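Structural description and commentary
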Amino acid sequence: VVRELAIVHAMTRIVQHGDFVHMSERLRDVGDAIRRHWPDPGVIGVRTRLGDVVIASAELDDRQWSHRAVFSVADGQVGAIEIAYDTHPDASRSALLDAIAEMLRRAIDRHLMMFSLRQSEQRYRSVVEHQSDMVCRYLPDSTLTFVNEAYCQFFGRDRDHLIGVRFMELIAEADRDETRRQIEAAARGERPPAYEHGVLRPDGTLGRHQWVYVGIVSSDGHIAEIQGIGRDVTDQRRT
């Protein structure tokens, strides 16, 4: 029991603190943990694999595994953990090895999900940074969490001086109540129509913006942020 707890503890450290970008290193860590803590005596080697990446003890080159756990991860790759003994009964299932494989699978899936999210965020930022329209994201209390370059240029501030600001402070005071109602509608999941409001320009004059707001839904189904896409219509309104 003590050795079983030790191997589970070792696996927990690997999946919580290991960098799964370097997959071969994590597979090697798993194999090392099994060799050190496996409760059954006589283990001579461990082979871990994921797709084309294979980490194996030299002793396993000509040995047939006795315990094996197979798993597949979110991107379709198949992985396995195999244990060979000096002398051992015919191949059989091991509940402990199955549990270790499941811990490894979940950790790899988390890594794949985070990698996918980072790629999506990078694509999103690449697209919006090249938009001529202003793009921002903010919390329901109007605190800015993201602004694109067009937004920065209009207000004459860099991104660091806009993130964390409540954009309500940048809106003409006479239009703030109606803007709050628009934000509240977006936070409820509604799609309010395009809305115009006065805005304080960097030179102190009053301009006009037209914005469309949409709620961004989090994984738990709640509106986490609101995204706005806007344009400066000051000259058009003056005309």
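I will try to describe carefully the structure that is included in this document. Just so we're clear, the structure is a prediction, and the values are computed from it rather than from any experiment. (Residues numbered from 1 in each chain as written. Predicted model: local features only at pLDDT ≥ 70, side-chain atom pairs only at ≥ 80, totals over all residues. Heavy atoms only, no water.)

Another aspect to go through is helix α2 (residues 23-37). Over its 15 residues, α2 extends 21 Å from the first C-alpha to the last, a length consistent with the 21 Å expected when each residue adds 1.5 Å. Of all the positions in α2, only Met23, Arg26, Leu27, Val30, Gly31, Ala33 and Ile34 are classed as buried. Angular distribution of buried residues about the axis of α2 spans 160 degrees; they occupy a single face of the element. (Helix = DSSP H or I, 4+ residues; strand = E, 2+ residues; numbered from the N terminus. Expected span 1.5 Å × (residues − 1). Buried < 20%, exposed > 50% of the residue type's maximum accessible area, 1.4 Å probe, protein only. Arc of directions from axis to C-beta.)

Let us now look at the pattern of salt bridges. Evaluated as defined, the whole model comprises 17 salt bridges. Among the salt bridges present, the one from Arg237 reaches Glu196, with a minimum N-O distance of 2.3 Å. Placement of the pair is Arg237 in helix α6 (residues 234-238) and Glu196 in strand β7 (residues 195-200), with a sequence separation of 41 residues. Shared partners join several salt bridges into a network, and the residues in it are Glu102, Arg105, Arg106 and Asp109. (Salt bridge = Lys/Arg side-chain N within 4 Å of Asp/Glu carboxyl O.)

To continue, consider the pairing of strand β4 (residues 78-85). In regular strands, side chains alternate between the two faces of the sheet. Most of β4 is tucked away: seven of the eight residues are buried. With seven bridges connecting them, strand β1 (residues 43-50) and β4 associate as antiparallel partners. Considered in β4, the bridge of Arg47 is made with Glu82. In the sheet, strand β3 (residues 67-72) pairs with β4 via six bridges, with the strands oriented antiparallel. (Pairing = 2+ DSSP bridges.)

Purely geometric stuff here, so don't read any function into it on its own.
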